[in-house]
Amino acid sequence: MKDAAQTLIDTEDEVMLRDAARGFLAEASPVSALRANRDAGRAHDPALWADMAQMGWTGVLVPETAGGADMGHRAAGILAEEMGRVLAASPFLSSAVIAATVLRQAGPAAQGALQTIAAGRATYALALDEGPKFAPAATAMQAERQGNTFRLTGTKAFVADGTTASRVLVLARTSGAAGDPEGLTLFDLDASLAGLDRQALSTIDSRDHARLVFDAVAVTGDDIIGDLDNGLVALRPGLQAGQAALAAELTGLAGGAAAITLGYLKERKQFDRTIGSFQALQHRAAHLWSEIEVTASAIANAGRVLDNAPDDAALAVSLAKARAAQTAKLAVSEAVQMHGGIGMTDAYDIGFFIKRARVGAEWLGDYGYHAAVIGAARGI
Amino acid sequence: MKDAAQTLIDTEDEVMLRDAARGFLAEASPVSALRANRDAGRAHDPALWADMAQMGWTGVLVPETAGGADMGHRAAGILAEEMGRVLAASPFLSSAVIAATVLRQAGPAAQGALQTIAAGRATYALALDEGPKFAPAATAMQAERQGNTFRLTGTKAFVADGTTASRVLVLARTSGAAGDPEGLTLFDLDASLAGLDRQALSTIDSRDHARLVFDAVAVTGDDIIGDLDNGLVALRPGLQAGQAALAAELTGLAGGAAAITLGYLKERKQFDRTIGSFQALQHRAAHLWSEIEVTASAIANAGRVLDNAPDDAALAVSLAKARAAQTAKLAVSEAVQMHGGIGMTDAYDIGFFIKRARVGAEWLGDYGYHAAVIGAARGI
Amino acid sequence: MSDATEALAAFRADISAWIKDNCPASLLGRAFNENSIVWGGRKWSFANDDQRIWLERAVKRGLTAPRWPVEFGGGGLSRAQEKIFREEMTAAGAPPPLQSFGLWMLGPALLEFGNDAQKAEHLPKITRGEIRWCQGYSEPGAGSDLANVQTRAEDMGDHWLVSGQKIWTSYADQADWIFALVRTDRDAPKHKGISFMLMDMDTPGITTRPIRLISGKSPFCETFFDNVKVPKEQLVGELNRGWDIAKYLLTHEREMIGGGGQGLLGARSVAQIIAMQEGELLADPVLRAEAMQTEVDTLAFGLTMERYKDQAEAGRGVGNASAMLKYYGTELNKRRYELMMATAGSDGLEWDGAHGGLAPEWLRTKANSIEGGTSEVMLDIIAKRVLEMPGQ
Amino acid sequence: MSDATEALAAFRADISAWIKDNCPASLLGRAFNENSIVWGGRKWSFANDDQRIWLERAVKRGLTAPRWPVEFGGGGLSRAQEKIFREEMTAAGAPPPLQSFGLWMLGPALLEFGNDAQKAEHLPKITRGEIRWCQGYSEPGAGSDLANVQTRAEDMGDHWLVSGQKIWTSYADQADWIFALVRTDRDAPKHKGISFMLMDMDTPGITTRPIRLISGKSPFCETFFDNVKVPKEQLVGELNRGWDIAKYLLTHEREMIGGGGQGLLGARSVAQIIAMQEGELLADPVLRAEAMQTEVDTLAFGLTMERYKDQAEAGRGVGNASAMLKYYGTELNKRRYELMMATAGSDGLEWDGAHGGLAPEWLRTKANSIEGGTSEVMLDIIAKRVLEMPGQ
């Protein structure tokens, strides 16, 4: 018999983790919390983040030696999925997934940073994209070298958690030209450094996104993660972990939107019938459920592959992100249409799902980006 | 008030033409005629072609001076649409549309050829594609020149009406290399010339398609249509006319398949209900009808533009062909699924629609080819 | 040239000259949108003097309602003349002097169902832009089932007493009067106990509150009726036959769509967004294929609107097939905006980013296939009335 | 290592050695398809001697029906042992020694519903490959409504008299016996008057005729019953309770899908077809995008089959969710073949062209979403039983 952690179904531990997460989030971070955050002009609730640290979620990918719970990528995906269901906003992906994965590859020097992440004392942002589309190799930002000092100059266009993070991972060019996947270097720097201007963006999902403008921000060789000129290699595991977790979030989001919609269809009456009894809507709901089921398999698989064979995860991760972006889009479209007018009102929750789905579809690579990765791997 | 021939609706003459064509074809060439042809191993029925000649359809695009009816491209499209509804098989597109359009541009020398087309005495085939996809510029077949003689050598992979036609229009290379849109020359030759081997293909639509193998087939400069090395220019009007008429045929086919299916839905009972009363099927039938309506507009437009502004017809023609291929595909998919098992049996007619739709989708450029033409024209 | 044709040519020359002479130059060739539109009414203030002048001159010649009878302030034009007028307005780049639900909806209803007193009272105020109307059909919880009217009007002898709630009353907060469906017989079958009623929004007991949409602010309101006293003469048509008027207006609305379908597709084009992005974007075959496919369908749909318009102008009605335009056009528009958002990438994720209001426009399109009859209702109409498929 | 685990390891070593020793080398690692499959039965002739030898050896050890009781020629294996046996067969590249509807369908039904005499009579002949069975469920005009059984069996005292017609009886022309649903009570409600009956195809009055499909020849037949005398003891289970058996088998069938879903996707891959074409084909962004999208969905669906299999193997049933596999897998397969045909271009339009039987395979996929429960029935099952949406 295969060990359950080798299969695509949840292990007993994972079932418990999922149940616990769902229970906690329903209480601590229902969709109304996102609304409250938005209305208060707050990207996320620090108290929620503190609770997550308490429960070990911030350290889900941090080794136990650094105070983490080291539960692995499948577990991180389960947490992200449950957060997606209720649109819980936090720096989980940026900090606990992307940064933690990057830093744990970085050897003993990064132990301290990992400890602060696990403890919830530091949060990270990843400053990568400079244009409107995810394209790491297109990075043009200059890191001009003078001895052991590097001066970063340029603009990062779209940085998730960019205004609230205490630290920033920045990919900058130390050699080569934009488009060249070599010649990039990854820096880990304090977000309050002189010369770094963080401009909050008013994004549709009401979360923290920023434009980061670097004006000769000075860092040193000690701030480099991985090797000089080889930053994409240092970043890749973190990117893949982030993509897989974001895919899980989107799948949870799709499931959450579908569940709300199904509830509405069963309750709402029109033309003297429960609208959920109309066969055309039934077939569409059944189709949506099927798409979510199929995507859930890709999510589980991405988590397993990241845990068991991380060097071969590219295909699995891109499959998860591509399917999740597409499924979430279908789920929110059907959700608003099946709700009718009420779904269009700000007073109702469905709008929040549509907005987050759109942001999640773009961040860390859109459908076409990941489909192309798969196409290339499969000879298409 | 606009002249009706400037609008996208049928003129009074066109309404009459359509009614007459539908009446005639229902009688002379119902789908059972295609079945009979197939079972007899016959690509089309010469008697039907003689009747079409009698009614002036063979000369629909031939000038009156050459014995034609000169009704124009919109009229040709209406005839093709009605033929598509019942899957009437004939060399109409190859001869009366493509060849007639090519030859009427060719000046006085082609009067005789046009007369034989209008009279139904000659039928033409267009020998163009050498690979599996429509790509005129990719033509590689050599026309080796010796004085006023050209020797054609090479293979045309997929020639509609290739075994039964009495004459063949052949595009061959007189200079340049495959991929170059220049350097091609169009020849009009007798199909029984020495060195021309016509191999019948057993295609799914049970019509006449052939592989034409040329082994140093000798023609002369008198057989050139248009100018030497400029064959694509001579061919283009004929191609566009053929594409528009094939698009019309496919739209008629979609309408025919949809009508048979709608009739079935209204009559067939299952689970003690008429299956046409199931809302999921109603919505799909309504959606299909909508797609056919939208495509019908593109068909009407292509005919009008070819009649009124033939030099600017590229976009309109590609729009018609792209939409028609897609709509026919949807129509036949829905048709077979909504019929259930019976639609899968050879004894039932729907299978013929599926097969012809597939051939029509490929011939003269598939969806992607024409969508790319539109994309290029529209800055995409 | 026939006499009729000659007369129309003369009319064209005349009206063209009139537009040129009367429409202030500052208004010509300007973008026509929510900001430049003139709605009129008691609460209205013009954005500039030229708008006021243009309205006054148009009113004088009856051109705010070209085909209405002259006695009510209309222009008394024939269908052919009206068409020429619109063509010349477009050619000159002149904006409509006045737009309103009074002109589009209530006027036609009163002309068909109103009594002489009602016509005399209300139509001139509409054509002059003095009174702005809003529409009170939908109710919370009714959705597509418009006949599910719960707002009730009780006969109190010398007046009606109206209580209930309407939703999606566009611009109710800026309107002067409302025309609404109210239930006047609670025991009759759903469609048989409804009446069509006019109410002054200033009547005590009427309050209104704007609705915020997922895309932000909106013209939609909720409107509440709390024991509103309505004079008897403000009921239009026969008692309990208001559904006939509602149906007439719904058909009228769809035929307006069928006769042109303006507004079914948003103003932005896919190519426009693509042009604003880096060239390399198009290297993504999925996005590129979707852009091509969407353009194919957009062009074909545009031709379909044209074909239906041709058909309507040829005097052959479009009828229930116009449900297809509503269905197809709104679904296509949603697809187009999804594609634009995908093309814009992170630039499109801000409320007011590099592409201006793209994000709220995109969110707003989600309502296209809901308002004015959902896509599902349109498909039902096509299935039942066009394809004559059997009931369940 | 626990005792149980140790015992399984020993079993694995044993069965692996047995396969190696007994399966003729000529059969190892060969393509397994319609041409190499062994169906057995009175009319069967082996393609070669090794097939016969392999079947005889497997029968001797009870491995044509690994989990059936030993007394009926089964192997008496546990679920875990059977799984190991299948794994080792796959590892060795050994083909199944025998396949049949008797093993897949009738056997499980008899084990559950048959009496002792029926089991003793029929099961050993199935395990030995002596009798080949076909299934008689569908009738012309019934379609998805399987309970709409018109073929009737009249009680003639000492025998049944069966008249009617079945359709889609796969391989009926090569089968020895048929198990069929027949109506034994015409007055009872639709589902309550059906019985499950076994008939020898050689009985006078039974005739069969192959059905030609749009894709060409097919294993499907029409089977006619004209006053067929059937011995009383050939009714299985209770009179008029045949629907229970039919439902049991339908669920069994779907769970087989859920437990592996073999055959839901055809053998060809999109990349395979693309590789056969010119490289420039991929320059078409529409085709390229569709190929990518189809590959994305194919991979994700493959993982879903794997996940459901994991779930089934963990002892948690898949239940009605298996309707999703049927729906999604067959619709996806149709899409894949449409794409392959588009990729193949005119090379794919011949009955037997450059891609071999691609065209008939493509046409055959159209039935995937019809046979074994239509996509519409699967969506109904998901809506009603998984999502628990209300009835109409």
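Residues numbered from 1 in each chain as written. Chains lettered and ligands numbered in written order. Predicted model: local features only at pLDDT ≥ 70, side-chain atom pairs only at ≥ 80, totals over all residues. Heavy atoms only, no water.

### With respect to the overall build of chain A
A count of helical and extended segments in chain A gives twelve helices and ten strands. Summarising its shape, the C-alpha atoms of chain A cover approximately 80 × 50 × 45 Å along the three principal directions. When the 380 residues of chain A are sorted by exposure, 62% land in the buried category. Within chain A, contacts between residues separated by at least 24 positions form 73% of all contacts whose residues are at least 6 apart in sequence. In chain A, 33 side chains carry a positive charge and 43 a negative one; their mean positions are 6 Å apart. (Helix = DSSP H or I, 4+ residues; strand = E, 2+ residues; numbered from the N terminus. Buried < 20%, exposed > 50% of the residue type's maximum accessible area, 1.4 Å probe, protein only. Contact = heavy atoms within 4.5 Å. Lys, Arg positive; Asp, Glu negative; His and termini not counted. Charge placed at Lys NZ, Arg CZ, Asp CG, Glu CD.)

### Let's talk about the overall build of chain C
What chain C contains, in helices and strands, is eleven helices and eight strands. Taken over C-alpha atoms, the radius of gyration comes to 23 Å for chain C, in line with the 21 Å a tight globule of 392 residues would show. The principal-axis extent of the C-alpha atoms belonging to chain C is close to 75 × 55 × 45 Å. Here chain C holds 392 residues, and 55% of them are scored as buried. Here the analysis covers contacts within chain C between residues at least 6 apart in sequence; of these, 72% occur between residues at least 24 apart. Accessible surface, chain C: about 16,500 Å² in total, of which carbon and sulfur atoms supply 50%. A gap of 2 Å separates the mean positions of the 44 positive and 53 negative side-chain charges of chain C. (Rg over C-alpha atoms; globule rule 2.2 N^0.38 Å. Areas by Shrake-Rupley, 256 points an atom, 1.4 Å probe, with all protein chains shown as cover.)

### Focus on the side chain of A:Asn37
By secondary structure assignment, the location of A:Asn37 is in helix H2 (residues 31–39). Apart from the residues lying within four places of it in its own chain, the contact partners of A:Asn37 are A:Arg42, A:Ala43, A:His44 and A:Asp45.

### Examining unusual backbone geometry
Even without being a glycine, B:Phe271 presents a positive backbone phi close to 50°. Checked against the element boundaries, B:Phe271 lands in the loop between strand S9 (269–270) and strand S10 (273–274). Classification of B:Phe271 as partly exposed rests on a relative accessible area of 38%. Its identity as a non-glycine residue notwithstanding, C:Glu388 has a phi of 50°, on the positive side.

### Focus on the interface of chain D and chain B
When the parts come together, some accessible area is lost, and that loss is often what is quoted as the size of the interface. Contacts between the two partners involve 40 residues from chain D, matched on the other side by 40 residues from chain B. Summing the contributions of chain D and of chain B, the shared interface buries around 3,300 Å²; its carbon and sulfur component is 62%. Scanning the region where chain D abuts chain B turns up four salt bridges. Between the two partners, chain D and chain B, sit 14 residue pairs in polar contact (both at pLDDT 80 or more). Listing elements by their share of the side of chain D that touches chain B, those giving two or more residues are helix H8 (285–313), helix H9 (322–344), helix H10 (358–365) and helix H11 (375–386) of chain D. Ranked by the residues each element gives to the side of chain D that touches chain B, the list is headed by H9(D), at six residues. (Buried area = accessible area lost by both parts, 1.4 Å probe. Salt bridge = Lys/Arg side-chain N within 4 Å of Asp/Glu carboxyl O. Polar contact = N/O pair within 3.5 Å; in protein donor to acceptor, adjacent residues only side chain to side chain.)

### Topic: the domain arrangement of chain C
Residues and elements named next belong to chain C. Taken domain by domain, chain C comprises domain 1 (3–100), domain 2 (132–240) and domain 3 (245–386). At the interface, seven residues of domain 1 touch nine residues of domain 2. Together, the buried faces of domain 1 and domain 2 total about 690 Å²; carbon and sulfur atoms form 37% of this surface. For the interface between domain 1 and domain 2, the tally reads three salt bridges. Between aspartate 200 and arginine 42 there is a salt bridge; the shortest N-O distance is 3.0 Å. Split into classes, the residues belonging to the side of domain 1 that touches domain 2 amount to two nonpolar, two polar and three charged. (Domains from an automatic or database assignment. Nonpolar A, V, L, I, M, F, W, Y, C, P; charged D, E, K, R; others polar.)

### Concerning the domain arrangement of chain A
All names here are of chain A. Under the domain assignment used here, chain A contains domain 1 (5–123), domain 2 (125–229) and domain 3 (233–377). On a C-alpha basis, the centres of domain 1 and domain 3 stand 20 Å from each other. Summed over both partners, the interface of domain 1 with domain 3 buries about 2,500 Å², with 65% contributed by carbon and sulfur atoms. Across the domain 1-domain 3 interface, the total number found is four salt bridges. Where domain 1 meets domain 3, there are ten residue pairs in polar contact (both at pLDDT 80 or more). Put simply, the parts of the chain that give the side of domain 1 that touches domain 3 at least two residues each are H2, helix H4 (73–86) and helix H5 (92–104).

### Thoughts on the pairing of strand S2 (residues 152–155) of chain D
As judged from the four bridges shared by S2(D) and strand S3 (residues 159–167) of chain D, these two strands associate in the antiparallel manner. Considered in S3(D), the bridge of D:Ala153 is made with D:Val162. (Pairing = 2+ DSSP bridges.)

### Comments concerning the packing of helix H12 (residues 367–377) of chain B against helix H8 (residues 285–313) of chain C
For any two helices packed against each other, one specifies the inter-axial angle together with the distance between the axes. In contact at an axis separation of 9 Å, H12(B) and H8(C) are set at 80° when each is read in the N-to-C sense. One finds that H12(B) runs roughly perpendicular with respect to H8(C). For the pair formed by H12(B) and H8(C), the contact residues are B:Tyr367, B:Ala371, B:Ala372, B:Ile374 and B:Gly375 on the first element and C:Met292, C:Gln293, C:Glu295, C:Val296 and C:Leu299 on the second. Each residue belonging to the contact of H12(B) with H8(C) can be placed in one class, and the counts come to seven nonpolar, two polar and one charged. (Axes fitted to C-alpha atoms, helices over the stretch in contact; angles between N-to-C directions. Parallel < 35°, antiparallel > 145°, perpendicular 65-115°, else oblique.)

### Structural notes on the packing of aromatic side chains
Both the distance between ring centres and the angle between the ring planes are used here to describe each pair of aromatic rings. Using the criterion set out here, one finds 34 aromatic pairs over all chains in the structure. With centroids separated by 5.5 Å and ring planes inclined at 85°, the aromatic side chains of B:Phe24 and B:Trp57 adopt a geometry described as edge-to-face. With B:Phe24 in helix H1 (residues 12–28) and B:Trp57 in the loop between helix H3 (46–54) and helix H4 (73–86), this pair connects stretches of sequence that are 33 residues apart. Taken as a pair, B:Phe24 and B:Trp57 share a single burial class, namely buried. A ring pair is formed by D:Trp39 and D:Trp104, whose centres lie 5.9 Å apart and whose planes are at 80°; its orientation type is edge-to-face. Placement of D:Trp39 in the loop between helix H1 (3–22) and helix H2 (49–61) and of D:Trp104 in helix H4 (residues 101–113) is noted, with a sequence separation of 65 residues between them. Ring pairs connect the aromatic residues C:Trp133, C:Tyr137, C:Trp177, C:Phe179 and C:Phe196, which therefore count as one cluster. In this structure, A:Lys355 packs its charged tip against the face of A:Phe352, placed 5.7 Å from the ring centre. Above the plane of the ring of D:Trp160 lies D:Lys232, whose end atom (NZ or CZ) is 4.7 Å from the centre. (Phe/Tyr/Trp six-rings, centres within 6.5 Å; stacked < 30°, edge-to-face > 60°. Lys NZ or Arg CZ within 6 Å of the ring centre and 35° of its normal.)

### Quick word on helix H10 (residues 358–365) of chain C
Helical periodicity: at 3.6 residues per turn, an α-helix aligns residues three or four positions apart in one direction. Counting buried positions along H10(C) gives six out of eight residues, so the element sits mostly inside the fold. For H10(C), the full list of buried residues reads C:Leu358, C:Ala359, C:Pro360, C:Trp362, C:Leu363 and C:Thr365.

### Thoughts on the packing of helix H8 (residues 279–308) of chain A against H9(D)
Contact geometry of H8(A) with H9(D) gives a least axis separation of 10 Å together with a crossing angle of 90°. In this view, H8(A) runs roughly perpendicular relative to H9(D), as classed from their interaxial angle. Contact residues: A:His287, A:Trp289, A:Ser290, A:Glu291, A:Glu293 and A:Val294 in H8(A); D:Met324, D:Tyr327 and D:Tyr328 in H9(D). For the contact of H8(A) with H9(D), the residue count by class is five nonpolar, two polar and two charged.

### Some details on the interface of chain D and chain A
Taken together, the contact between chain D and chain A spans 40 residues of the former and 42 residues of the latter. Roughly 3,600 Å² of surface becomes buried between chain D and chain A when both sides are summed, with 67% attributable to carbon and sulfur atoms. For the interface between chain D and chain A, the tally reads three salt bridges. Notably, a salt bridge pairs A:Arg323 with D:Asp297, separated by 2.7 Å at the nearest N-O pair. Joining chain D to chain A, the criterion identifies 15 residue pairs in polar contact (both at pLDDT 80 or more). Taken together, the elements giving at least two residues each to the side of chain D that touches chain A come down to helix H7 (270–276), H8, H9 and H11 of chain D. Take the side of chain D that touches chain A: its biggest share by element is 18 residues, from H8(D). Of the residues that constitute the side of chain D that touches chain A, the class distribution is 23 nonpolar, five polar and twelve charged.

### Comments concerning the state of the cysteines
All names here are of chain C. For the coordinates displayed, the defined rule picks out zero disulfides over all chains. Looking at the unpaired cysteine 134, the closest cysteine sulfur is the one in cysteine 221, lying at 7.9 Å. Given a relative accessible area of 0%, cysteine 134 falls into the buried group. (Disulfide = S-S within 2.5 Å.)

### Quick notes on the environment of C:Ser78
Residue and element names in this part refer to chain C. Mapping serine 78 onto the fold places it in the loop between helix H2 (49–60) and helix H3 (79–92). Taking relative accessible area as the criterion, serine 78 reaches 31% and is therefore assigned partly exposed. As for serine 78 and glycine 348, which are separated by 270 residues in sequence, their C-alpha atoms are 47 Å apart.

### Overview of the confidence of the model for chain C
Residues and elements named next belong to chain C. Confidence in the prediction of chain C, expressed as mean pLDDT, is 90, and 94% of residues score 70 or more. Taken together, the stretch residues 258–262 has pLDDT below 50 and engages in eleven contacts with residues farther than four places along the chain or on a different chain. With a pTM of 0.93, the predicted complex shows an ipTM of 0.93. (pLDDT = per-residue confidence, 0-100.)

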